[in-house]
Amino acid sequence: MKKIINMGIKGRIVLYFTAFILLMLVVIWVVQISLLGVFYRRTKLHELDEVSQTVSSYLGTGSLEDITYEMSTKYKICMIVFETSGDELGRQVVSVESTPMCLIHHLTPGALGEFYSKALASGGRFVERFTMGKGLVQDVPRGSAGDDGDGGEERRNGGDEVTMAVSVISASGRDGKSYAIFADTEFTQMHTAETLLNTQFLWLAGSIVLLTAFVAYIFAVNISRPLTNMNESAKKLAAGDYEPNFRVEGYRETRELAETLNFAASEISRSDRLQRELIANVSHDLRTPLTMISGYAEVMRDIPGENTPENVQVIIDESNHLSALVNDMLDLSKIEAGVKKPEKTGFSLTTAVSEVLERYSQLREHDGYSIEFEHGEDVSVCADRTMILQVLYNLVNNAINYCGADKKVIVTQSVAESESGESVRITVRDHGEGISPENIPLVWDRYYRVDKLHKRSSVGSGLGLSIVKRILQQHGALFGVESVPGEGSAFWFELPCTRRQADAEGPERPREK
Ligand code: ADP
């Protein structure tokens, strides 16, 4: 049993095919050969009965002799028709001896009369089988009479014995007289035929089984080949070769499986590549501020007079950058793991945006950045305030980082009508280098940077837009970017409005923060 469980697909197909064919052969053998004798005897007795019945319907007519002769020779059945009176057999009307082995023509009148009496006793019909020695036909061993004809064992004695069936019918003719029809037929000895058929069948069955096993093996090889190849490829995959090398071949299921595995392999390869990039980026991003911090601290410790406020500021800035980086990583992993879920509350988006931009006021003073907020009426939304501010913070930060020479960032709030109601759109626009069309879909990916040199001046963690994307997706918000290289970019997102408060001063107006 264990061997069968461990058996491969090839072995199983050959085994099942061969077992099925063997079963079929056994069924054929039982029906065709083993039961041959039984079917043969039944058919013979049925013929004997049919012929007697046919002849009986011509009793007392002119065609009785012809029909008896015709039926006797056709079915090799010997027949005698007697006229009868009471339980006595009278004159012979017809007699046909169509086979050399005929019993009724060799019986004594007494024996015939005895048969007739038995027919009368059993309602006008009598059928019996006899097995007897050749040449002793006069000596009918009635005591050894067989059964009703369909199951009895024939005694086989090297061909010295024959089995015969005798039928006696008592019937009335059309001329009003009574008749008795005697008929007998010989059962051919079946054992020679059976031995012959058995031998023939053995050879046939052997050849069929061998042929089946061979054909099943060819099938099995064809069916199992794609699976075997796939197994080899899967082993390579497990060993770290992520190239999609599953051959799309064979039948539909294996082709689909190969396509799925190829897709899975390419996904594993992609995520493996991303993971490597992630480790490289993270280690680079963490190492740089740490080197700066420890470098400056050592200088301040070892060199007298270097303990200046500027140097301390560098350490503070780098620490801030480091903590921002670590926070971004934590945020993104929390959002991706589903730990951080939006807690929606109603709040004024207009006021919240104004507050965020307020925080940049110092920047404006020191570095000469100009950040404008153009908005009209005060609009409220239902969202996670902290998360939405984080989105805004990331977009404005990027706009400042990539804004170019004019150092100008414009944030716009606009309200639009849509089928699902009113929605508010916040757009953060700059006049920097912009993003080329092929990079636009990629900027939302983790650690994607258009500037592959990973410029330190670009300050960011490379996670900002991924965080923006996840937060907005969690809110079911629309978002996007329009950018023209050399002219600048406009990052935007849309949230459904919950409440609008008409601005007392009328339509939209620019307002600098
Ligand atoms: P980073 O920390 O590098 O800014 P982000 O995920 O915020 O990471 O942005 C991904 C990339 O998208 C940036 O490296 C930059 O190349 C590009 N990008 C983002 N915002 C802008 C913008 N306003 N103008 C031009 N490029 C931008």
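Before reading further, recall that the structure is shown in the block above.
These lines cover the structure that appears in this document, whether it is placed above or below.

## Regarding the packing of helix 6 (residues 191-238) against helix 7 (residues 252-302)
Each packed pair of helices is defined by two parameters, the angle between the axes and the distance between the axes.
Turning to step 1, where the next piece is worked out: Relative orientation of the contacting elements helix 6 and helix 7 amounts to 10 degrees, with a least axis distance of 11 Å. In this view, helix 6 runs roughly parallel relative to helix 7, as classed from their interaxial angle. Across from Pro226, Leu227, Met230 and Leu237 in helix 6, the residues of helix 7 making contact are Thr254, Leu257, Ala258, Leu261, Ala265 and Ile268.
Turning to step 2, where the next piece is worked out: Here the residues of the contact of helix 6 with helix 7 are counted per class, giving 9 nonpolar, 1 polar and no charged.

## A look at the packing of aromatic side chains
Turning to step 1, where the next piece is worked out: Within the structure shown, the criterion is met by 6 aromatic pairs.
Turning to step 2, where the next piece is worked out: Ring centres of phenylalanine 17 and phenylalanine 219 lie 5.9 Å apart, and the angle between their planes is 45 degrees; this geometry places the pair in the tilted category. A residue pair is termed long-range when its members are at least 10 positions apart, and phenylalanine 17 in helix 2 (residues 9-34) and phenylalanine 219 in helix 6 qualify at 202 residues.
Turning to step 3, where the next piece is worked out: Plain terms: the ring middles of tyrosine 40 and phenylalanine 187 are 6.3 Å apart, the flat faces sit at 70 degrees to each other, and that makes the pair edge-to-face.

## Some points on helix 12 (residues 464-474)
Turning to step 1, where the next piece is worked out: In terms of burial, helix 12 is a largely internal element, 8 of the 11 residues being buried.
Turning to step 2, where the next piece is worked out: All buried positions along helix 12 are accounted for by Gly464, Leu465, Ser466, Ile467, Val468, Lys469, Ile471 and Leu472.
Turning to step 3, where the next piece is worked out: Glycine 476 lies just past helix 12 and shows a positive phi near 65 degrees.

## Topic: the packing of helix 2 against helix 6
Turning to step 1, where the next piece is worked out: Packing of helix 2 against helix 6 brings their axes to within 8 Å, and their N-to-C directions diverge by 155 degrees. For the element pair helix 2 / helix 6, the angle class is roughly antiparallel. As for how helix 2 packs across helix 6, the hand of that crossing is right-handed.
Turning to step 2, where the next piece is worked out: Class assignment for the residues of the contact of helix 2 with helix 6 results in 23 nonpolar, 4 polar and 2 charged.

What counts and what doesn't
- Every residue gets a number counted from 1 within its own chain, in the order that chain's sequence is written.
- The model is predicted, so local features are restricted to residues of pLDDT at least 70 and side-chain atom pairs to those at 80 or more, both for listing and for counting; the totals for chains, interfaces and linings are taken over all residues.
- Computation of side-chain values: all heavy atoms of the structure, hydrogens and water removed.
- To get an axis, fit a line to the C-alpha atoms, keeping to the stretch in contact for a helix; angles then go from 0 to 180 degrees between the N-to-C directions.
- Strands are runs of DSSP state E lasting at least 2 residues, helices are runs of H or I lasting at least 4, and numbering of each runs from the N terminus.
- Under this scheme an angle from 65 to 115 degrees is roughly perpendicular, one under 35 degrees roughly parallel, and one over 145 degrees roughly antiparallel; angles in between are oblique.
- Contacts between residues were defined by any pair of non-hydrogen atoms, one from each residue, lying within 4.5 Å.
- Ten residue types, Ala, Val, Leu, Ile, Met, Phe, Trp, Tyr, Cys and Pro, are classed as nonpolar, four, Asp, Glu, Lys and Arg, as charged, and the remainder, Gly among them, as polar.
- Stacked, edge-to-face and tilted are the three classes for Phe, Tyr and Trp ring pairs, Trp counted by its six-membered ring, which pair at centre distances within 6.5 Å; planes under 30 degrees apart are stacked, over 60 edge-to-face, the rest tilted.
- For the exposure calls, accessible area comes from a 1.4 Å probe over protein chains only, and a residue counts as buried if that area is under 20% of its type's maximum, exposed if over 50%, partly exposed in between.
- Helix crossings fall into two classes, left-handed where the near helix is turned counterclockwise from the far one by less than a right angle and right-handed where it is turned clockwise.

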